[in-house]
Amino acid sequence: MKIAIFNGSPRKQNTAAMIDAFREGAESAGHEVEIYHVGKMNIAGCKGCEYCHTKGEGKCIQKDDFDKLLPPYTEADMIVFASPIYYFTMTAQIEAAIQRVYCIGKPAKAKKAALLLSSGSPGVYDSAVAQFKGYMAYAKIENAGIITAAGSENQSDEKLAEIKAFAENL
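Being a predicted model, the structure only gives us computed values, none of them experimental.

**Brief notes about helix H2 (residues 66–75)**
Among the residues of H2, Phe-66, Leu-69, Leu-70, Pro-72 and Tyr-73 are the ones counted as buried. In this structure, the buried residues of H2 make contact with strand E1 (2–7), strand E2 (32–36), strand E3 (78–84), helix H3 (92–100) and helix H4 (126–139).

**Side note on the nonpolar core**
In summary, soluble globular proteins display a tendency toward joint burial of nonpolar side chains. Residues Phe-6, Ile-43, Leu-69, Phe-81 and Leu-117 are the most contacted members of the largest nonpolar core, which totals 36 residues. Within the residue set of this core, elements represented by two or more residues are E1, H2, E3, H3, strand E4 (112–119) and H4. Tallying contributions element by element places H4 first for this core, with six residues. Those residues within four positions of Phe-6 in sequence are excluded, and the remaining contacts are Tyr-36, Val-38, Leu-69, Tyr-73, Ile-79, Val-80, Phe-81, Ala-82 and Ile-94.

**Overview of the pairing of strand E5 (residues 142–150)**
Bridging between E4 and E5 involves eight bridges; their strand directions are parallel. When the bridges of E5 are listed, Leu-117 appears paired with Thr-148. Taken together, E4, H4 and E5 constitute a β-α-β crossover, and its handedness is right-handed.

**Comments concerning unusual backbone geometry**
Its identity as a non-glycine residue notwithstanding, Glu-50 has a phi of 70°, on the positive side. Topologically, Glu-50 is positioned in the loop between E2 and H2. A positive phi angle is found at Tyr-87, which is not glycine, with a value near 55°. Tracing the chain through its elements places Tyr-87 in the loop between E3 and H3. The exposure class of Tyr-87 is exposed, given its relative accessible area of 74%.

How each quantity is defined
- Residues numbered from 1 in each chain as written.
- Predicted model: local features only at pLDDT ≥ 70, side-chain atom pairs only at ≥ 80, totals over all residues.
- Heavy atoms only, no water.
- Buried < 20%, exposed > 50% of the residue type's maximum accessible area, 1.4 Å probe, protein only.
- Helix = DSSP H or I, 4+ residues; strand = E, 2+ residues; numbered from the N terminus.
- Contact = heavy atoms within 4.5 Å.
- Core = buried A, V, L, I, M, F, W, Y, C linked by side-chain atoms within 4.5 Å.
- Pairing = 2+ DSSP bridges.
- Right-handed = clockwise from strand over helix to strand, strands pointing away.

Without other data, these values stay purely geometric and don't point to any function.
Here it is in structure tokens:
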């Protein structure tokens, strides 16, 4: 299975351990994993101009780093969104990338998706989880799982083992 991980963190330490554990587990099970550092890319939000649905034939009028994400997004069998929680939502960088997928509506091949969220505090995930679940329902993509880590859990051996086992069993 081809898995694309979209990392919304602009800083390496926020989700890096979670992503590394996921990749290790998935690769040990024979899956191909690619990581895209969305948090470090220059991606503008959707303008709602409808160019993509009128003249653009599924392509966005804006030309930025989103162009690098669309091919892996459409070709992946599984999509993983990974983001720290900044004030109750995923990062603005990954939110912009998710919104820009409007140009195609949903990925052509993805059958599964997962969400990895890290935060400094427990109980701050509701908005991000609701958005993810809503999008997966709309796109008819199986929600393979949601894993959250707060505070010291982010680097704990137990949490990283949970993530690795989750990815091994996809």
